[in-house]
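Residues per chain, in single letters:
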Amino acid sequence: LNGEEKIADLKLRKQRISCQSMDIAEIVMSHNMQNQIVALNLTDNCFTSQSISKLNGNFLRELILVGNQITAFPNLSHLPLLLVLDLSYNPIKCLGKYAAETFTTCRNVKCLRFEQCKLGYKEDGSNTDNINIFEPMAMLVNTLEELNLGNNLISCRKTLEDLKKFKRVKSL
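Presented here is an overview of the structure given in this document. (Residues numbered from 1 in each chain as written. Predicted model: local features only at pLDDT ≥ 70, side-chain atom pairs only at ≥ 80, totals over all residues. Heavy atoms only, no water.)

## Examining the overall build of the chain
Helices and strands together make up the secondary structure of the chain, namely 5 helices and 6 strands. Along the chain, helices (α) and strands (β) appear in the sequence α-β-α-β-α-β-β-α-β-β-α when read from the amino end. When contacts within the chain are restricted to residue pairs at least 6 apart in sequence, long-range pairs at least 24 apart make up 54% of them. Split by element, the accessible area of the chain, about 9400 Å² in all, is 50% carbon and sulfur. (Helix = DSSP H or I, 4+ residues; strand = E, 2+ residues; numbered from the N terminus. Contact = heavy atoms within 4.5 Å. Areas by Shrake-Rupley, 256 points an atom, 1.4 Å probe, with all protein chains shown as cover.)

## Brief notes about the pairing of strand 2 (residues 37-41)
When you tally the buried positions in strand 2, you get 5 out of 5 residues, the bulk of the element. Bridging between strand 1 (residues 15-18) and strand 2 involves 4 bridges; their strand directions are parallel. For Ser18, the partnering residue across the bridge sits in strand 2 and is Asn41. (Buried < 20%, exposed > 50% of the residue type's maximum accessible area, 1.4 Å probe, protein only. Pairing = 2+ DSSP bridges.)

## Looking at the side chain of Ser49
Locating Ser49 in the fold gives a position in helix 3 (residues 49-53). In contact with Ser49, not counting residues within four places along its chain, are Ile70, Thr71, Ala72 and Pro74.

## A look at the nonpolar core
Ranked by internal contacts, the top residues of the largest apolar core, which has 38 residues, are Leu63, Leu112, Phe114 and Met137. Looking at this core, the elements with two or more residues in it are strand 2 and helix 4 (96-105). (Core = buried A, V, L, I, M, F, W, Y, C linked by side-chain atoms within 4.5 Å.)

Structure follows, in structure tokens:
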């Protein structure tokens, strides 16, 4: 490739895609597209935990899933370059095993947003006073810089004290 073709190739790899309020529930990307997208905004659609877990993006760094139908943390462990994840306004009650798997692989996440989810309660409606809801994020204690937990159901003081472990959080 000559210099001009290399620049064009680099530009192709830096695509930011927004598919907001389109009533879509699944995206199938070609291999070429998976290599080009760095940010994907799927706000206000019909995605579920299962359909998001199938999402591929080799260079995906930002995934915005605000206001979908995600009831459990999706398995995103196949997106190792992820830096920003926004699951706000989804009825997610706890982070669970897929969050732990995801953050074991995606160790460089800097921004997590869970605004207006239902974090803090189990599926049966009981509270999680004896459960550390932040345990699945343990791998992020040295990288996480922004954590939005606004308007959730977290009421246990010990749970909130566990946030002290996240040394780099600048915005809570």
